[in-house]
Amino acid sequence: MVEYQDETKAAYDGIVELYASMFADRLETQPFARAMIGTFAELVRGTGNPRAADVGCGPGHLTAMLHDLGLDAFGVDLSPGMVDHARRAHPALRFDEARMEALPVEDGALGGILAHYSMIHTPPGDLPALLAEQVRVLAPGGLLLVSFFATDGPEPVRFDHKVTPAYSWPVDRFAELLAGAGLVPFARLFHDPASERGFLDAHVLARLPPEGEP
Ligand SMILES: C[S@@+](CC[C@H](N)C(=O)[O-])C[C@H]1O[C@@H](n2cnc3c(N)ncnc32)[C@H](O)[C@@H]1O
C-alpha cells in the first residue's frame, strides 16, 4: 500500500460513525445521484450479469441500495472500520476489506462497478492503474458509474477535503482517462453542489465494449 492510501485508510477509520451518521441517508436528498444509480442498476441488470461491486463503499448504504435495485451487490473498502460498520449495518450483504487497486475479484466477473466519490483521493498519476483494475474485473459490456467533484479548469485540482486530501476533475479530462482505460463514457450528469464545497457534482457512466466491438 502506498503512503496516501495509508493516510486515507487511517482518516476514514477515524470517522466511521460520524461519516455514517452524516451520509448513510444522504441519497434521500440527492435526486440526481439517485437517478444515475437507478439508471446504472437498470443497465447492469440489462447485461444479464447482475454481479456488481460498490468500490470504496464506506458504510455500505449504496451497496444496500444496489441490492434493493436487484443487483447481486457487494462492497469493498480499504478502511477496516468502514467494512466493520457496513457488515453490522447490512449483515445479509458481503463486504471485503480491500483496495480498489487490487480487487478480490476474478477477471471479467462483474456486470457493474459503482465508484461513488471513492476515486477522489487517488492522485491523478495513479488513476490509470486504478481504472485498469476496474476494467480487469468487468465483463464485456459491463458498466462503471463514477461520481466525483467537477472543476472548470483544464487540470485536476487538489483540495483539502474534510477527511483527507482529494482532487476535483474537469469532466472531459476524467472522461479521457476512462477512454484511455478502454471504457466508453456515454452519459454524464453534472449539477449544482449537493455539498457546501462549491464544486459541481459529476456522474459519468461508462461501458466496457461488448465482445467483438472495438
Ligand atoms: C468519500 S467516501 C465515499 C463512501 C461511499 N461510497 C459514499 O458515497 O458515501 C470514500 C470511501 O472510499 C474509500 N477508499 C478511498 N480510497 C480507496 C481505495 N484505494 N481502495 C478502497 N477504498 C478506498 C474510503 O475508505 C472511503 O470509505
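The preceding data block contains the structure.
Position labels on residues start from 1 in each chain and follow its written sequence. At least 70 in pLDDT is required for a residue's local features to be given in this predicted model, at least 80 for side-chain atom pairs to be given and counted, and no such filter applies to totals for whole chains, interfaces and linings, which use all residues. Side-chain descriptors were evaluated using all non-hydrogen atoms of the structure, hydrogens and water having been removed beforehand.

Undergrad: Could you give an account of the side chain of D54, naming the residues involved and the relevant values?
TA: What counts as a helix is a DSSP run of H or I of at least four residues, what counts as a strand is a run of E of at least two, and both are numbered from the N terminus. Note on placement: D54 falls in strand β1 (residues 51–55). Throughout this description, buried means an accessible area under 20% of the type-specific maximum (1.4 Å probe, protein chains only), exposed means over 50%, and partly exposed covers the range between. In this tally Asp and Glu are treated as negative and Lys and Arg as positive; neither His nor the chain ends contributes. By salt bridge we mean one thing: a side-chain nitrogen of Lys or Arg within 4 Å of a carboxyl oxygen of Asp or Glu. The buried charged residue D54 lacks any salt bridge, with R94 as its nearest oppositely charged partner at 12 Å. A 3.5 Å cut-off defines polar contacts: any pair of N or O atoms within that distance qualifies, except that in protein one atom must be a possible hydrogen donor and the other a possible acceptor, and neighbouring residues in sequence count only when both atoms are side-chain atoms. Among the polar contacts made by the side chain of D54, one reaches the side chain of T63 at a distance of 2.7 Å. By definition in these notes, contact holds between two residues if any of their heavy atoms fall within 4.5 Å. Residues contacting D54, with those up to four places away along its chain left out, are L62, T63, L66, F74, G75, V76 and L114.

Undergrad: Run through the pairing of strand β9 (residues 200–207), naming residues and quoting values.
TA: By the criterion of burial, β9 is predominantly enclosed, with six of the eight residues buried. Note: two strands are recorded as paired if DSSP finds a minimum of 2 bridges between them. With eight bridges connecting them, strand β5 (residues 138–150) and β9 associate as antiparallel partners. Residue F148 lies in a different strand from β9, and its bridge partner there is A202. Inspection of the sheet shows strand β8 (residues 184–191) paired to β9 by seven bridges, in the antiparallel sense. Residue F190 lies in a different strand from β9, and its bridge partner there is A202.

Undergrad: So what's going on with the site of the ligand? Which residues, and what values?
TA: Throughout, the term near means that a residue has one or more heavy atoms lying within 4 Å of the molecule or strand in question. Close to the ligand lie 19 residues; Y19, G56, D77, M100 and E101 are nearest. Residue D77 places a side-chain N or O atom 2.6 Å away from an oxygen atom belonging to the ligand. A distance of 2.9 Å separates a nitrogen atom of the ligand from a polar backbone atom of H116. At the level of secondary structure, the elements contributing two or more residues to the shell around the ligand comprise α1 (3–13) and α4 (61–68). Residues are grouped as follows: Ala, Val, Leu, Ile, Met, Phe, Trp, Tyr, Cys and Pro are nonpolar; Asp, Glu, Lys and Arg are charged; all remaining types, including Gly, are polar. Looking at the shell around the ligand residue by residue, the class counts come to nine nonpolar, seven polar and three charged.

Undergrad: Can you break down the pairing of strand β2 (residues 72–77) residue by residue, with the values?
TA: Along β2, five of the six residues are buried, which leaves the element largely enclosed by surrounding structure. Bridge count for β1 against β2 is five bridges, and the pairing is parallel. Within β2, the residue paired with A53 across the bridge is F74. With strands facing away from the observer, any crossover in which the path from the first strand over the helix to the second runs clockwise is taken as right-handed. As a crossover connection, the stretch from β1 through α4 into β2 is right-handed. Here four bridges tie β2 to strand β3 (residues 94–97), and the two strands are oriented parallel to one another. Across the sheet, residue D77 finds its bridge partner in β3, namely E97. For the segment spanning β2, helix α5 (residues 80–89) and β3, crossover handedness is right-handed.

Undergrad: Lay out the nonpolar core in plain terms, naming residues and giving numbers.
TA: Here, the term nonpolar core denotes a set of buried Ala, Val, Leu, Ile, Met, Phe, Trp, Tyr and Cys residues that are joined through side-chain atoms within 4.5 Å. Grouped together as the largest cluster of nonpolar side chains are 39 residues, with contacts concentrated most on L110, M119, L144, F148, F174, L178 and L183. Only β1, β2, β4 (110–116), α6 (127–137), β5, β7 (166–168), α7 (171–180) and β9 provide two or more residues apiece to this core. Here this core gets six residues from one element, more than from any other, and that element is β5. When near neighbours in sequence (up to four residues on either side) are disregarded, L144 contacts F40, I113, L131, L138, L178, L183, V204, L205 and A206. Counting residues in each nonpolar core, the second largest holds 17 residues, with M36, I37, M65 and L205 among its members.

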